[in-house]
Amino acid sequence: MESPFDVLSVAPDADEEEIKEAYRERIKEAHPDHGGSAREFQLVRAAYEEIKNGDAAVEGEASGGDEGSTAEAVAGDTPEPEREEPQRTQRCRVEYLNYEVLDDHGWDVDDEDLFEVAADGGLDREDYGQFWVRPRESLLEAAERHGFAWPFACRGGACANCAIIILEGEMRTRVDHVLPPEMLEKGFQLSCNGMPVSDELQVLYNVKSMPELEELLLPPRPWEQAHDD
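Being a predicted model, the structure only gives us computed values, none of them experimental.

Procedures and definitions
- Residues numbered from 1 in each chain as written.
- Predicted model: local features only at pLDDT ≥ 70, side-chain atom pairs only at ≥ 80, totals over all residues.
- Heavy atoms only, no water.
- Helix = DSSP H or I, 4+ residues; strand = E, 2+ residues; numbered from the N terminus.
- Expected span 1.5 Å × (residues − 1).
- Buried < 20%, exposed > 50% of the residue type's maximum accessible area, 1.4 Å probe, protein only.
- Contact = heavy atoms within 4.5 Å.
- Salt bridge = Lys/Arg side-chain N within 4 Å of Asp/Glu carboxyl O.
- Axes fitted to C-alpha atoms, helices over the stretch in contact; angles between N-to-C directions.
- Parallel < 35°, antiparallel > 145°, perpendicular 65-115°, else oblique.
- Left-handed = near helix turned anticlockwise from the far one by under 90°.
- Nonpolar A, V, L, I, M, F, W, Y, C, P; charged D, E, K, R; others polar.
- Pairing = 2+ DSSP bridges.
- Phe/Tyr/Trp six-rings, centres within 6.5 Å; stacked < 30°, edge-to-face > 60°.
- Lys NZ or Arg CZ within 6 Å of the ring centre and 35° of its normal.

Novice: Looking at this structure, I do not really get helix α3 (residues 38–52). What am I missing?
Specialist: Structural remark: α-helix, 3.6 residues per turn; residues separated by three or four positions point the same way. The end-to-end C-alpha distance of α3 is 21 Å, a good match for the 21 Å that 15 residues give at a rise of 1.5 Å each. What α3 keeps buried is the set A38, Q42, L43, V44, A46, A47, Y48, E49, E50 and I51. Elements that come into contact with the buried residues of α3 comprise α1 (4–8), α2 (16–30), β1 (92–98), α5 (114–119), β2 (128–133) and α6 (139–145). Following α3 by one or two positions, G54 adopts a phi angle in the positive range, close to 75 degrees.

Novice: How should the pattern of salt bridges be read in this particular structure?
Specialist: Note that side chains of opposite charge can pair when their charged atoms are close. Inspection of the entire model under this criterion finds 14 salt bridges. Residue R93 is joined to E200 by a salt bridge in which the shortest nitrogen-to-oxygen separation is 2.8 Å. Of this pair, R93 sits in strand β1 while E200 is found in strand β7 (residues 200–205), placing the two residues 107 residues apart along the sequence. R93 sits in the buried class, given a relative accessible area of 16%.

Novice: Hey, could you run me through the packing of α2 against α3 in this one?
Specialist: Two measures define how a pair of helices packs: the angle their axes make with one another and the distance between the axes. Packing of α2 against α3 leaves a shortest axis separation of 8 Å and a crossing angle of 165 degrees. With respect to α3, the element α2 is oriented roughly antiparallel. For the pair α2 and α3, the crossing hand works out as left-handed. Seen from α2, the contacting residues are I19, K20, Y23, R26, I27 and A30; seen from α3, they are E40, F41, V44, R45, Y48 and I51. In terms of residue class, the contact of α2 with α3 is built from eight nonpolar, no polar and four charged.

Novice: Help me understand the pairing of β1, please; the structure alone is not making it clear to me.
Specialist: The side chains of a regular strand alternate, residue by residue, between the two faces of the sheet. Among the seven residues of β1, seven are classified as buried, and the element is accordingly described as predominantly covered. Of the two faces of β1, the one lined by C92, V94, Y96 and N98 and the one lined by R93, E95 and L97 are each fully buried. Here β1 runs beside β2; their pairing, made up of six bridges, is antiparallel. If you follow L97 over to β2, its bridge partner there is Y128. Two elements, β1 and β7, share six bridges in a ladder whose sense is parallel.

Novice: What's the story with the packing of aromatic side chains in this structure? I'm lost.
Specialist: Pairs of aromatic rings are described using the distance from one ring centre to the other and the angle between the two planes. By the definition in use, this model includes eight aromatic pairs. Centre to centre, the rings of Y96 and Y205 are 6.2 Å apart; their planes meet at 70 degrees, and the pair counts as edge-to-face. One end of the pair, Y96, is in strand β1; the other, Y205, is in strand β7, with 109 residues separating them in the sequence. Y205 carries the same exposure label as Y96, and that label is buried. Each member of the aromatic cluster is reached from another via a ring pair, and the members are Y96, F131, F148, W150 and Y205. The ring of F152 carries the charged tip of R155 above its face, separated from the ring centre by 4.1 Å.

Have a look at this one:
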């Protein structure tokens, strides 16, 4: 899979001005008005943000992972990891879509071209886009590192508030005490401690309002409060 540096066609040791110039060229090429596509445009922008924020380390370097994260667990009830932690040396590119916007646009989870249509839908960055997940970083941690306030409650695999649906790719969850096998087979996973094991993911996030998750939720918390903790 292409790294953010590959997307911009710059060397990992390129200076700030070289990166800016490469971004200007690639973003023009990727723009739909110049023969590109909305998804390619999003990819180029995500790559530039990853490099600009200092998050695009050379592949294979150690990552911060869970240590020092903003994770919070249910007080006095932090479960120990029960599954072998997936080992990755490369980052994963995630294309995400907010489940809450589907009804507004008449879209369905089962639409084969859902993400292609969403890319051209003029959605805000919080509702559709792309970002990279570091090795040993959970999907939720990566979303927060990129400035998003995805829903969660316990961060310990004991509720489904942070649930997502994986439409493409693969993720393994270290601790999951709540999702039954039939939901896992449908692509449901927990973003709080789920780590990608494929190079790319397509995910629907903020699916907690789906009827099948109703009995698996903890009392809801405002996204802003959860994000600021």
